[in-house]
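Structural characterization, general
So you can see what is in the structure, the chains are spelled out below.
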Amino acid sequence: MSEALNYLLKIRPEAMQAYFSFVKKSGGSLDKKTIAIISVITKVDKQTKKGFKQYLKRALNEGVSADEIIDALLVAFPTLGLTKIVWAMDILIEMDLPEFKAENLTAEANWHQVVEVDDVIPDQTHYFELNGRGVFLYKDTENSIIAYDHRCPHQSTQITSESLQGNTLTCPKHAWKFDTTNGHCIENGNRPLNRVKHKIEDGLVWVYI
Ligand code: FES
C-alpha cells in the first residue's frame with residue numbers, strides 16, 4: 001500500500017475502512033480475471049508504472065493471458081487513447097515477459113479439430129499436437145472439458161506428454177508442477193496453466209490455438 005493510503009488509514013480509519021469495503025463489494029459480481037483486467041486498465045489510465053507492473057503480474061497470476069491483456073488495452077482505446085496504449089506497450093517490452101513475445105501470442109489462432117469427445121477418458125489428461133502446437137485436455141467425471149496450452153506460464157517452455165504423470169504436469173525447465181484437473185500451479189511456481197478456448201460440436205472437441 002502507498003504511504004499516502006497508510007497515512008489516511010491512520011488518521012481517518014473509519015472513512016478508509018468504508019472505502020476499502022466499498023471497493024471490495026463493488027466488484028462482487030465479477031470474476032477474478034475481469035477484476036484483474038480492469039485493475040490493469042486503471043493503472044494504464046493513470047500511467048503509474050509501478051502499479052501497472054504490479055497489477056499486470058497479478059492479472060497473469062489470476063490466469064489472464066497476454067492476448068487478453070492486449071485486447072483489453074485496445075478495447076479501452078476510446079478512453080486511453082493511443083499515447084497511453086503505447087506507454088503500456090513500452091513497459092511490456094521492457095519487462096521482457098515471454099508470454100508477450102510476438103511468437104507466443106495467438107494472433108494467427110484458428111479452430112482445430114482435436115478428438116471425438118467420447119474418446120477423451122474421464123479423469124485423465126490427454127496430450128495432442130496440432131500444427132506444431134500442443135494442447136492438454138482434461139475431462140472431469142461430469143464430462144466437462146478443460147483445454148490447456150502446452151507452453152509453461154513461467155517462460156513459455158514447451159511441455160509435452162513426457163512431463164505428465166497422471167493429472168500432474170511438471171515443466172522440464174524449472175519444475176513448476178501443475179494440477180491439470182484445474183490448472184493450478186501446485187509446486188515451485190505461482191501461475192496457473194493457460195487455458196485454451198475450446199468448443200464441442202457434433203461430438204468433436206475443437207480448440208482455438
Ligand atoms: S519455464 Fe516452466 S517452470 Fe520455468
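Given the structure is predicted, the values throughout are model-derived calculations rather than measurements. (Residues numbered from 1 in each chain as written. Predicted model: local features only at pLDDT ≥ 70, side-chain atom pairs only at ≥ 80, totals over all residues. Heavy atoms only, no water.)

1. Things to note about the nonpolar core
This is how the line gets drawn: Only buried residues count toward a nonpolar core, which is a set of Ala, Val, Leu, Ile, Met, Phe, Trp, Tyr and Cys residues joined through side-chain atoms within 4.5 Å. Per-residue accessibility, obtained with a 1.4 Å probe over protein chains only, is compared with the maximum for each type, and a residue is labelled buried under 20%, exposed over 50%, and partly exposed between these values. Numbered from the N terminus, helices here are DSSP runs of H or I no shorter than four residues, and strands are runs of E no shorter than two. Should any heavy atoms of two residues lie within 4.5 Å, those residues are counted as being in contact.
One finds Val44, Phe52, Leu56, Ile69 and Phe100 to be the most contacted residues of the largest nonpolar core, which totals 26 residues. When residues in this core are grouped by element, the largest group, seven residues, is from helix α6 (residues 77–95). Those residues in contact with Ile69, other than ones at most four positions away along the chain, are Val40, Leu56, Ala59, Val64 and Phe100. Judged by nonpolar contacts, the second largest core, of 14 residues, contains Val117, Val120, Leu130 and Val205.

2. Re the sheet that holds strand β3 (residues 133–139)
Our working rule: Note on pairing: DSSP must find at least two bridges between two strands before they are called paired. Every angle, taken between N-to-C directions, lies between 0 and 180 degrees, and every axis is a line fitted to C-alpha atoms, over only the stretch in contact when it is a helix.
A sheet is described by the order of its strands in space; here three strands give the open sequence β2-β3-β4, paired in antiparallel fashion. The open sheet terminates on both sides in strands that have one partner only, identified here as β2 (124–130) and β4 (145–149). With direction set aside, neighbouring strand axes in the sheet form an average angle of 25°.

3. Concerning the packing of helix α3 (residues 32–46) against helix α5 (residues 66–75)
Basically, it comes down to this: Orientation categories follow fixed angle ranges, with anything under 35 degrees roughly parallel, anything over 145 roughly antiparallel, 65 to 115 roughly perpendicular, and all other angles oblique. Definitions for this section: a left-handed crossing has its near helix turned counterclockwise from the far helix by less than a right angle. A right-handed crossing has that turn clockwise. Only Asp, Glu, Lys and Arg are considered charged in this grouping, and only Ala, Val, Leu, Ile, Met, Phe, Trp, Tyr, Cys and Pro are considered nonpolar; every other residue, Gly among them, is considered polar.
Contact pair α3 / α5: the axes reach a minimum separation of 10 Å and the direction vectors enclose 50°. Looking at the two axes, α3 sits oblique to α5. Helix-helix and strand crossings are classified by hand; for α3 and α5 the assignment is right-handed. Note on element contacts: α5 touches α3 through Glu68, Ile69, Ala72 and Leu73, opposite Lys33, Ile37, Val40, Ile41 and Val44. Looking at side-chain class alone, the contact of α3 with α5 contains seven nonpolar, no polar and two charged residues.

4. Structural notes on the domain arrangement of the protein chain
Using the following cut-off: Each domain's extent was defined by an automatic or database domain assignment. Buried area: the accessible area, evaluated with a 1.4 Å probe, that two parts lose upon being put together, summed over both parts. We count a salt bridge whenever a side-chain nitrogen from Lys or Arg sits within 4 Å of a carboxyl oxygen from Asp or Glu.
Assigned domains within the protein chain: domain 1 (31–103) and domain 2 (111–208). Put simply, the middle of domain 1 and the middle of domain 2, counted by C-alpha atoms, are 25 Å apart. Between domain 1 and domain 2 lies a buried interface of about 580 Å² when both sides are counted; carbon and sulfur atoms form 43% of it. On the domain 1 side of the contact with domain 2, Asn61, Pro98 and Glu99 bury the most area, a combined 61% of that side's loss. Viewed at the interface, domain 2 and domain 1 are joined by zero salt bridges. Broken down by class, the residue content of the side of domain 1 that touches domain 2 amounts to two nonpolar, two polar and three charged.

5. Looking at the layout of surface pockets
Heads up, the rule is: Residues are said to line a cavity or pocket when one of their atoms sits within 4 Å of a point; the points come from a 1 Å grid over protein atoms alone, cavities being sets where a 1.4 Å probe fits but cannot get out and pockets being open sets with protein on both sides within 12 Å along at least five of seven lines. Grid points are joined across faces, edges and corners, and a volume is the space filled by probe spheres set on the points.
When its volume is computed, the largest pocket comes out at roughly 1200 Å³. No other element matches the eight residues that α3 contributes to the lining of the largest pocket. Looking at the lining of the largest pocket, its residues break down into 10 nonpolar, eight polar and seven charged. As for the second largest pocket, its lining consists of 40 residues, of which Ser65, Ala66, Glu68, Asn194 and Arg195 are closest to the centre. Counting only elements with at least two residues in the lining of the second largest pocket, the list comes to α4 (49–61), α5 and β4. Looking at which element gives the most residues to the lining of the second largest pocket, the answer is α5, with five residues. When grouped by side-chain class, the residues that make up the lining of the second largest pocket number 16 nonpolar, 12 polar and 12 charged.

6. Some words on the pairing of β4
Looking along a regular strand, one sees the side chains alternate between the two faces of the sheet. Within β4, five of the five residues are buried, which leaves the element mostly enclosed by the surrounding structure. Of the two faces of β4, the one carrying Ile145, Ala147 and Asp149 and the one carrying Ile146 and Tyr148 are both buried. Here β3 runs beside β4; their pairing, made up of five bridges, is antiparallel. Bridge pairing in β4 places Val135 opposite Asp149.

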